[in-house]
Amino acid sequence: DTAVSQTPKYLVTQMGNDKSIKCEQNLGHDTMYWYKQDSKKFLKIMFSYNNKELIINETVPNRFSPKSPDKAHLNLHINSLELGDSAVYFCASSQTGGQHSPLHFGNGTRLTVT
Amino acid sequence: DQQVKQNSPSLSVQEGRISILNCDYTNSMFDYFLWYKKYPAEGPTFLISISSIKDKNEDGRFTVFLNKSAKHLSLHIVPSQPGDSAVYFCAASVRPGTYKYIFGTGTRLKVLA
């Protein structure tokens, strides 16, 4: 009964390819996020979606396109992969709406671009 | 512009002693602060949080202290256990509904048996 699950866990691909990472949460949360952890271990927000609506896009290249078919899912599609895209990508969710609540993270997808 | 900073990349503590992890922030609009623990190959796990209207919050062995005037928070773990060895991240957010949590760069805690 994993709360936030993302697949795949590892992704190795070549430059120029297109790949997708999927995320699902069964917590009933209304907001989902993508975070990127780079080689310096810095966790940086990329996107957040509230009830399927894009709320935050942190100046991420438009090669990255998130898609939220419903509020339990937030997928990340990356076009024309570059070496600098190599990182660990974390999906997360939270319940918003008037009160602070913590983020719940998935276990990450380690993307390696060669 | 890093708004949340953890200036100690690593910390080693003997089992049974207190571990103190520190975090500084620059944005006075932050009003909610969190600590996360992360093991290798896993996602960060929420530990404890504190609202800006409080200066202390306790949950078992974990206590978070907030000093708003100094823009500083700390996590105390007492007593430290080997299973506490992990990377600890502090995070902060502005008012509810901003959908944005800013993370520090983490401190690697090693608890020595």
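For the structure, check the block above.
Residues numbered from 1 in each chain as written. Chains lettered and ligands numbered in written order. Predicted model: local features only at pLDDT ≥ 70, side-chain atom pairs only at ≥ 80, totals over all residues. Heavy atoms only, no water.

Quick notes on the sheet that holds strand β7 (residues 64-70) of chain A
Residues and elements named next belong to chain A. Put simply, the test is: Criterion used throughout: strands pair if DSSP finds at least two bridges between them. Segments assigned H or I by DSSP are reported as helices when at least four residues long, segments assigned E as strands when at least two residues long, and all are numbered from the N terminus. Axis lines are fitted to C-alpha atoms, over the contacting stretch for helices. Their N-to-C directions set the angle, which ranges from 0 to 180 degrees.
Across the sheet, 4 strands lie side by side as β1-β3-β8-β7; this open sheet has antiparallel pairing. Among the strands making up the open sheet, the edge pair consists of β1 (4-7) and β7. Across the sheet, the axes of successive neighbouring strands diverge by a mean angle of 15°, strand direction being ignored. The pairing of β1 with strand β3 (residues 19-25) spans 4 bridges and is classified as antiparallel. Note on β3: the bridge partner recorded for Thr-7 is Lys-22.

Section: the pairing of strand β2 (residues 10-13) of chain A
Residue and element names in this part refer to chain A. The following threshold applies: Partly exposed describes any residue whose relative accessible area lies between the buried limit of under 20% and the exposed limit of over 50%, with all areas from a 1.4 Å probe on protein chains only and scaled to the type maximum.
Of the two faces of β2, only the one carrying Leu-11 and Thr-13 is buried; Tyr-10 and Val-12 on the other face are not. In this structure, β2 lies alongside strand β11 (residues 109-113), joined through 4 bridges in parallel fashion. In the strand pairing of β11, Val-12 is matched with Thr-112.

Brief notes about the interface of chain B and chain A
We count it as follows: It only takes one pair of heavy atoms within 4.5 Å for two residues to be counted as in contact. When two components associate, each loses some accessible surface as probed by a 1.4 Å sphere; the sum of these losses over both components is called the buried area. Each salt bridge in this description consists of a side-chain nitrogen of Lys or Arg and a carboxyl oxygen of Asp or Glu lying within 4 Å of one another. Whenever two N or O atoms come within 3.5 Å, that pair is a polar contact, provided that in protein one can donate a hydrogen and the other can accept it, and provided that, for residues adjacent in sequence, both atoms are side-chain atoms.
The interface is formed by 23 residues belonging to chain B together with 26 residues belonging to chain A. Of the roughly 2000 Å² buried where chain B meets chain A, counting both sides, 65% is carbon and sulfur surface. Here chain B is connected to chain A by 1 salt bridge. Residues B:Lys100 and A:Glu58 are paired through a salt bridge, measuring 3.0 Å at the closest nitrogen-oxygen approach. Between the two partners, chain B and chain A, sit 6 residue pairs in polar contact (both at pLDDT 80 or more).

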